[in-house]
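# Chain and residue survey
Each chain is listed here by its residues.
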Amino acid sequence: MDLAYIPSPSTGVIHLGPVPLRGYAFCIIIGVFVAVWFGNKRWLARGGKAGTVADIAVWAVPFGLVGGRLYHVITDYQLYFSEGENWVDAFKIWEGGLGIWGAIALGAVGAWIGCRRRGIPLPAYADAIAPGIALAQAIGRWGNWFNQELYGRRTDLPWALEISEGPNREAGLYHPTFLYESLWCVGVALLVVWADRRFRLGHGRAFALYVAAYCAGRAWIEYMRVDEAHHILGLRLNVWTAIVVFLLALTYIVVSSRTRPGREEVVEPAALADVAKADAEKAAKADGAGTDAAEADERGAGKPGADPVGPADRAVPAHADRDTDATRAKAGSEETGVKPESAEKS
């Protein structure tokens, strides 16, 4: 008797009236939002502008979806173009089937177009979004759980995945390879963030580290899967792909670190220009405030009757006023020959 296992959902779609809500699609969409959100935070930390990551993602995401679907259809063409199959199913992306290799490759083309339009170096952008892509993959893999697909060999481990009877699958308990890959991708994201902070990776090396680390995990996880796939020399096609891409990514890290050490100082010239403009405006406001104060002082000093003496000098004792009045009265009496009233009384 199996005491513990991971249950699979009875269905991968919920109908909200006539609108189908598919778990696979939700996982992909949530993954994209997480990648853009986290990528934007890293881009701002590198000195870029807010919104740039999302603007470029408008190009990268559609290209990535098309590339991922093309890779899946090409490598598993027998599922759509063999006898008894309907080729129209190749367009039903909501039923699953996205190859990460094609998604990254063609998604990079879309990102390159977006970067060119913004005057941004593609390697710097790739470094910023690398851990976000890994997190998006971790979330997206749960779409396979909704569709009950891409599981491993049979097992009696406590974390075995329960698969129900269905088209091209037998009921039983299997290795949850979707979960293995999801957890591996979270680890890859943490590795890239740590290495980027520790070694200040630049010029695409953070992205290359993500690719190499993902491929290292994908190779052994892919080896456990039992779904139909093409084999070359006894290994699944995706295992060979992971090995080749891993070596290419590792080579790039080594060569790039020697030819272009360090990290880009400026990742988005427009952001630097905005900072310079803001500084110039602050300086202009400060100069304007000083000029206005000086002009006010000049206008005050030039008015008729203006007292050039400061407030402290203008303070006169009360007895000084009385002395002045007496002096003025005496002077008047001398001129007119009339003695003051006080003098007559005395």
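Thresholds applied
- Residues numbered from 1 in each chain as written.
- Predicted model: local features only at pLDDT ≥ 70, side-chain atom pairs only at ≥ 80, totals over all residues.
- Heavy atoms only, no water.
- Helix = DSSP H or I, 4+ residues; strand = E, 2+ residues; numbered from the N terminus.
- Buried < 20%, exposed > 50% of the residue type's maximum accessible area, 1.4 Å probe, protein only.
- Polar contact = N/O pair within 3.5 Å; in protein donor to acceptor, adjacent residues only side chain to side chain.
- Contact = heavy atoms within 4.5 Å.
- Axes fitted to C-alpha atoms, helices over the stretch in contact; angles between N-to-C directions.
- Left-handed = near helix turned anticlockwise from the far one by under 90°.
- Nonpolar A, V, L, I, M, F, W, Y, C, P; charged D, E, K, R; others polar.
- Salt bridge = Lys/Arg side-chain N within 4 Å of Asp/Glu carboxyl O.
- pLDDT = per-residue confidence, 0-100.
- Expected span 1.5 Å × (residues − 1).
- Bend = angle between axes of the 7 residues up to and from the residue.

Take E181: it is sitting in helix α7 (residues 177-199). Note on E181: relative accessible area 3%, which makes it buried. Among the polar contacts listed, one links the side chain of E181 to the side chain of Y214, at a separation of 2.7 Å. Apart from the residues lying within four places of it in its own chain, the contact partners of E181 are Q137, R141, Y214, R218 and I221.

Another aspect to go through is the packing of helix α4 (residues 100-118) against helix α5 (residues 122-140). Helices that pack against each other are described as a pair by the angle of their axes relative to one another and the distance between those axes. Running from amino to carboxyl end, α4 crosses α5 at an angle of 140°, the nearest separation of the two axes being 12 Å. Helix-helix and strand crossings are classified by hand; for α4 and α5 the assignment is right-handed. Residues I100, I104, A108, A111, W112 and C115 of α4 form the contact with α5, whose own contacting residues are L122, Y125, I133 and Q137. Residues of the contact of α4 with α5, tallied by class, amount to 9 nonpolar, 1 polar and no charged.

Quick look at the pattern of salt bridges now. Evaluated as defined, the whole model comprises 14 salt bridges. In this structure, the salt-bridge partner of E268 is R118, at a minimum N-O distance of 3.4 Å. Pair noted here: E268 is in the loop between α9 (237-259) and α10 (269-301) and R118 is in helix α4, with a separation of 150 residues, a long-range link. Ionic pairing is found between D227 and R236, a salt bridge with its closest N-O pair at 3.2 Å. Judged by its relative accessible area of 6%, R236 falls in the buried class. One salt-bridge network, in which partners are shared between bridges, spans R141, E181, R218, E222, R225, D227 and R236.

Moving on: unusual backbone geometry. Notably, Q148 is not glycine yet its phi reads approximately 55°, a positive angle. With respect to the secondary-structure elements, Q148 resides in the loop between α6 (142-147) and β3 (161-163). Classification of Q148 by relative accessible area gives buried; the value is 7%. With phi around 50°, R200 is a residue other than glycine that occupies positive phi space. For R200, the location among the structural elements is in the loop between α7 and α8 (205-224).

Let us look at the confidence of the model for the protein. Considering every residue of the protein, the mean pLDDT works out to 84; 80% of them sit at 70 or more. Long-range and interchain partners of residues 308-316, a stretch whose pLDDT sits below 50, account for 3 contacts in this model, where long-range means more than four residues apart. Across residues 333-346 the pLDDT falls below 50, and counting only partners more than four positions away or on other chains, this stretch makes 4 contacts in the model.

The terminal C-alpha atoms of α8, which comprises 20 residues, lie 29 Å apart, in line with the 28 Å expected from a rise of 1.5 Å per residue. The largest bend in α8 is about 25°, located at R218.

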